[in-house]
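The lines below spell out each chain.
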Amino acid sequence: QVQLVESGGGLVQAGGSLRLSCAASGRTFSIYAVGWFRQAPGKERAFVGAIRWTDARTYSADSVKGRFTISRDNAKNTVYLQMNSPTPEDTAVYLCAAAPYGSLWYPRMHDYQYWGQGTQVTVSS
């Protein structure tokens, strides 16, 4: 089992910045990649980006490329989502998830087996 806990959400002004954290515990050696997703009210869960645990290779959705950056600190078993220049359209609950070895790069949503509880991000105009 892998446990994931997100933190760092809150209220941010458009054009500002915010960093989310995703702390992993448990069988972290089984993690192949960690992904970030978001879900706005009335909308489906959407992929934001992912990072491969071993070599920090990243892949991001077009909607956040150039604005959001994913990184990781292996010593802390923590993955970060740096959100720069957010807009009100980025308002959502942000969740991190872990995909095990055996997943393709980059993992698809159905590959992710472990999910955090989410953290709310609200961007004001």
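Owing to the predicted nature of the structure, the values given are computational and were not obtained by experimental measurement. (Residues numbered from 1 in each chain as written. Predicted model: local features only at pLDDT ≥ 70, side-chain atom pairs only at ≥ 80, totals over all residues. Heavy atoms only, no water.)

Chemist: Explain the overall build of the chain to me, and be specific about the residues and the numbers.
Modeler: Along the backbone of the chain there are 0 helices and 11 strands. Whereas a compact globule of 125 residues would reach a radius of gyration of roughly 14 Å, the chain reaches 13 Å, a difference of no more than 12%. For the C-alpha atoms alone, the extent of the chain along its principal axes is close to 40 × 25 × 25 Å. A buried classification covers 46% of the 125 residues belonging to the chain. Excluding contacts between residues fewer than 6 apart, the proportion of contacts in the chain whose partners are at least 24 apart in sequence is 58%. (Helix = DSSP H or I, 4+ residues; strand = E, 2+ residues; numbered from the N terminus. Rg over C-alpha atoms; globule rule 2.2 N^0.38 Å. Buried < 20%, exposed > 50% of the residue type's maximum accessible area, 1.4 Å probe, protein only. Contact = heavy atoms within 4.5 Å.)

Chemist: Tell me about the pairing of strand β4 (residues 31-39), and name the residues and values.
Modeler: Counting buried positions along β4 yields 8 of 9 residues, so the element is predominantly enclosed. By the bridge criterion, 8 bridges tie β4 to strand β9 (residues 92-100) in an arrangement that is antiparallel. Considered in β9, the bridge of Gly35 is made with Ala97. Sheet topology note: the β4/strand β5 (residues 46-52) ladder contains 6 bridges and is antiparallel. Residue pairing for β5: Gly35 is matched across the bridge by Ala50. (Pairing = 2+ DSSP bridges.)

Chemist: Provide a residue-level description of unusual backbone geometry, including the pertinent values.
Modeler: The general pattern is negative phi for most residues beyond glycine and trans for most peptide bonds. Across the junction of Trp105 and Tyr106, the peptide omega takes the value 0°, indicating a cis bond. The phi torsion at Ala56 lies on the positive side, around 65°, for a residue other than glycine. With respect to the helices and strands, Ala56 occurs in the loop between β5 and β6 (58-60). For Ala56, a relative accessible area of 30% translates into the label partly exposed. One non-glycine residue, Ser85, lies in positive phi territory at about 50°. Using a relative accessible area of 40% as the deciding quantity, one classes Ser85 as partly exposed.

Chemist: Let's hear about the state of the cysteines: which residues, and what values?
Modeler: As used here, a disulfide is simply a covalent bond connecting the sulfur atoms of two cysteines. Here the structure, examined in full by the defined rule, presents 1 disulfide. The disulfide partner of Cys22 is Cys96, and the S-S distance across this bridge is 2.1 Å. Negative torsions about the S-S bond denote left-handed disulfides, and the value of about 75° found for Cys22 with Cys96 makes this one right-handed. Note that Cys22 is positioned in strand β3 (residues 17-26) and Cys96 in strand β9, a separation of 74 residues in sequence. Among the residues examined, Cys22 registers a relative accessible area of 2% and is labelled buried. For Cys96, a relative accessible area of 0% translates into the label buried. (Disulfide = S-S within 2.5 Å.)

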